Every structure is written in structure tokens, then in C-alpha cells.
Amino acid sequence: MTTTVTVLDRVHVVAHPSSREIRSRHNVVLLHGIGGGATSCGPLAARLAAAGLDCWCPDAPGYGRSADPRPGIGPVEEMAELIEALVPGEPVVLLGTSWGGVIAMDLALHRPDLVAALVIADSTRGSGVTAERAAGMLARIPDLVDRGAAAVAADRADALTAPDCDPAVTAEVRATMAEVREPGFAAAARYMAATDLGSDLARLARPALVLVGERDTITGVDESRLLADEIPGAQLRIVPDAGHAAIQEQPDVVADHVLDFVGMLS
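Report follows, based on the coordinates. Treat the numbers as computed from the prediction; the structure is a model and nothing was measured.

## As for the overall build of the chain
1) Next: The number of helices and strands found in the chain is 10 helices and 8 strands.
2) Next: Relative to its length of 266 residues, the chain is compact, with a C-alpha radius of gyration of 17 Å against a globular reference of 18 Å.
3) Next: Excluding contacts between residues fewer than 6 apart, the proportion of contacts in the chain whose partners are at least 24 apart in sequence is 76%.
4) Next: In the structure as shown, the chain presents an accessible area of about 11200 Å², 52% of it carried by carbon and sulfur atoms.
5) Next: Treating the 21 positive side-chain charges of the chain as one cloud and the 36 negative ones as another, the clouds have centres 2 Å apart.

## Comments concerning the nonpolar core
1) Next: By size, the foremost hydrophobic cluster in this structure holds 54 residues, and its most contacted members are L94, W99, M105, L107 and L118.
2) Next: If one sorts the elements of this core by residue count, helix α3 (residues 99–110) sits on top with 8 residues.
3) Next: What W99 contacts, discounting residues up to four positions off in sequence, is H32, G33, I34, A60, Y63, P75, A188, Y191 and M192.

## Things to note about unusual backbone geometry
1) Next: With phi around 55 degrees, S98 is a residue other than glycine that occupies positive phi space.
2) Next: Position of S98 among the secondary structure elements: in the loop between β5 (92–97) and α3.
3) Next: A residue is classified by how much of its surface remains accessible, and S98, at 12% relative accessible area, is buried.

## A closer look at the pairing of strand β3 (residues 27–31)
1) Next: Counting buried positions over the 5 residues of β3 gives 5, a clear majority of the element.
2) Next: Where β3 meets strand β4 (residues 54–58), 3 bridges bridge the pair, whose relative direction is parallel. In the strand pairing of β4, V29 is matched with W56.
3) Next: For the segment spanning β3, helix α1 (residues 42–50) and β4, crossover handedness is right-handed.
4) Next: Summarising the sheet, β3 and β5 pair through 4 bridges and their orientation is parallel.

## Looking at the side chain of S127
1) Next: As for its placement among the helices and strands, S127 is situated in the loop between β6 (115–121) and α4 (131–147).
2) Next: According to the relative accessible area criterion, S127 is buried, its value standing at 10%.

## Topic: helix α8 (residues 220–230)
1) Next: Three or more residues of α8 are buried, namely G220, V221, E223, S224, L227 and A228. All buried residues of α8 lie within an arc of 165 degrees about the axis, which places them on one face of the element. Away from its buried face by more than 90 degrees, α8 exposes D222 and D229.
2) Next: Those residues of α8 that are buried lie in contact with α3, β6, α4, β7 (208–213) and β8 (235–239).

## Section: the environment of L53
1) Next: By secondary structure assignment, the location of L53 is in the loop between α1 and β4.
2) Next: In this structure L53 comes out as buried when scored by relative accessible area, which is 2%.
3) Next: Counting along the chain gives 12 residues from L53 to C41, while the straight-line C-alpha distance between them is 14 Å.

## So, the pattern of salt bridges
1) Next: As enumerated under the stated definition, the model contains 14 salt bridges in all.
2) Next: Put simply, E78 and R10 hold a salt bridge, and the shortest N to O gap is 3.4 Å. Here E78, found in helix α2 (residues 75–86), pairs with R10, found in the loop between β1 (3–7) and β2 (11–16); they are 68 residues apart in sequence, far enough to count as distant.
3) Next: Among the residues examined, E78 registers a relative accessible area of 5% and is labelled buried.
4) Next: Of the charged contacts in the structure, one is a salt bridge between R111 and E84, with a shortest N-O distance of 2.9 Å. Linking R111 in the loop between α3 and β6 with E84 in helix α2, this pair joins segments that are 27 residues apart in sequence.
5) Next: Assessed through its relative accessible area of 26%, R111 is described here as partly exposed.
6) Next: The network of salt bridges with common partners includes R10, R70, E78 and E81.

Calculation rules
Residues numbered from 1 in each chain as written. Predicted model: local features only at pLDDT ≥ 70, side-chain atom pairs only at ≥ 80, totals over all residues. Heavy atoms only, no water. Helix = DSSP H or I, 4+ residues; strand = E, 2+ residues; numbered from the N terminus. Rg over C-alpha atoms; globule rule 2.2 N^0.38 Å. Contact = heavy atoms within 4.5 Å. Areas by Shrake-Rupley, 256 points an atom, 1.4 Å probe, with all protein chains shown as cover. Lys, Arg positive; Asp, Glu negative; His and termini not counted. Charge placed at Lys NZ, Arg CZ, Asp CG, Glu CD. Core = buried A, V, L, I, M, F, W, Y, C linked by side-chain atoms within 4.5 Å. Buried < 20%, exposed > 50% of the residue type's maximum accessible area, 1.4 Å probe, protein only. Pairing = 2+ DSSP bridges. Right-handed = clockwise from strand over helix to strand, strands pointing away. Arc of directions from axis to C-beta. Salt bridge = Lys/Arg side-chain N within 4 Å of Asp/Glu carboxyl O.

The analysis is restricted to geometry; functional conclusions fall outside its scope.
This is the structure:
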């Protein structure tokens, strides 16, 4: 059973409370990717909640039913404020996909007091690793403005899932991307273009699990392997029969990996 709440009068959050009488002490906050929304995290959150974890799936500022980003406030600051409001005084397990994974790592670097552990799915160091990647990310902003989110989704969504993915899942990925709003997407793209966490990964002092779909052609297995190699003590798990949207394509497999990881936390 899910509930929706508005936090800080601006952030829409879908809550997946544990359905078990005995709950884990860990809260999980799931951060969606640049073309997603809170609903993108729903299938995985539902499975984690059924196993005893309280899960929170926010629409990032400028996405879904959340208010537009505030001028001068970046996604890391927004997420820090949200976590402090959701679960005051308790560090959370941050589970971020793609862009959400970059935010999760960045937050753990700047506010480690808020983060108990990291799960990084199909993510990257950021798009600022090269000038070419940064420019490519920034070019997506006028493309979205000129053609509209539906046209962009029609072009890009199929590449986010494995070729043999359940068509219903691919359709859901496409539908969510088609609802992306320019204020949120533009803020996300500018953040990604300005970010390269590569030199900071060795300073991440939180338990970390890195997940990636074996058929991810967007960020790719090699990038996830690099993250796992550079983050001290990180585990790497490759998800079979999944692309970039692994948490939606294979939520049962991903949930098993996450539950094993969380179960090892002290």
C-alpha cells in the first residue's frame, strides 16, 4: 500500500511503508534518473517494502508533482533538506539510478551524516568527465524545448531497456519520459554537465553496492565497474537481461541484491 505526501511544501513523495510487523531499521530513499520520476522507482520500492524496508520515492524538483527547482539551490542541497525532513536524525540508504546515483554519491561526499549506505544503479561519475560529454548533455536541453518531451521519449526510451525487455516495461519508461518537464530536466542536465566525481570516489566512506544491467548501453558496465573499483569496499553486481532501466526491468533480481546488501549493514 502506498501513500503520497508533500514534504517541505514543495516535494511530492510516494511512500512505500513496510508491510511487515517487524521492520528493518533502515529507511531507503530512491532517486530516479533524468528521464524518470517517482513512479520509475515504484516496482522496486514495493518489493523492498514487502521485505520490511520503509521506502520513499520523491519526484525531484521540477519533475512529476514536485515544484520547480529553486534558483541557486542544487539537487544535492534539495535532497539533503528532504532527507532531514523525512527521517530526522536518521541516516538513510540512498538508492540512486543514473542521475539519481550521481546525486547520491555527491550527497554522501558532502553530507555523510545523512547517508548510511549507497546503492548506485546504472550510473556514472557525471557528464563533466570530458568536454564532449558535457556539451552533449547540455545539448539535450534545447532539444527537449524544441521538440517536446514526447518526441524525445519516442526517440530515446527504447534504448534504455534491453532489446528483449517486456514491452509493457519499455512503454512505461517511454510514458514517464514523455512527461518530463523542462525546468526539472534543464536543472538536472546542467548539474550533470558540471559534475565529475571521479577524483572524489576514493573519499566515499560509506558501504556501497553498484548495480548495472548487463545490456546497459547508456552508461555501460565499464563505467559501473570503474565506480565499484574506485569506491572503497564497494560491491559490483551485474543484472542479467537488463539495460539502463535495470531497476524497472528486473525489480525482483535488483531487490534481492539490495536486500542482501542492506542485511549486511550494521
